[in-house]
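# Overview (structure and organization)
The chain contents come next:
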Amino acid sequence: MDIYPVPATVTHARVQLVADQTTKAPPRTINQDVLDVLATEKQAEREAVLDVKA
């Protein structure tokens, strides 16, 4: 497994999730935040792999 720096977009998605959890946002909002975090992490991982191959 390659280790790469966490991009700002991933950090922002995680912060948004925690903020919504703290304010007791509706479950739909929290679920969307979780999906956003996962999608952002996957995209960052793809970009990191492409950078390593280049």
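Residues numbered from 1 in each chain as written. Predicted model: local features only at pLDDT ≥ 70, side-chain atom pairs only at ≥ 80, totals over all residues. Heavy atoms only, no water.

## Examining the pattern of salt bridges
Counted by the stated rule, this structure contains one salt bridge. Note that Glu 41 and Arg 14 form a salt bridge whose closest N and O atoms lie 2.7 Å from each other. In this pair, Glu 41 sits in helix α2 (residues 27-53) while Arg 14 sits in helix α1 (residues 8-22), placing the two residues 27 residues apart along the sequence. Residue classification places Glu 41 among the partly exposed residues on the basis of a relative accessible area of 24%. When its relative accessible area of 39% is taken as the criterion, Arg 14 is described as partly exposed. (Salt bridge = Lys/Arg side-chain N within 4 Å of Asp/Glu carboxyl O. Helix = DSSP H or I, 4+ residues; strand = E, 2+ residues; numbered from the N terminus. Buried < 20%, exposed > 50% of the residue type's maximum accessible area, 1.4 Å probe, protein only.)

## Overview of the nonpolar core
The nonpolar side chains of a soluble globular protein tend to be buried with one another. Judged by nonpolar contacts, Ala 13, Leu 17, Ala 25, Ile 30 and Val 37 together constitute the single largest core of five residues. The residues touching Ala 25, leaving out its near neighbours within four places in the chain, are Asp 20 and Ile 30. (Core = buried A, V, L, I, M, F, W, Y, C linked by side-chain atoms within 4.5 Å. Contact = heavy atoms within 4.5 Å.)

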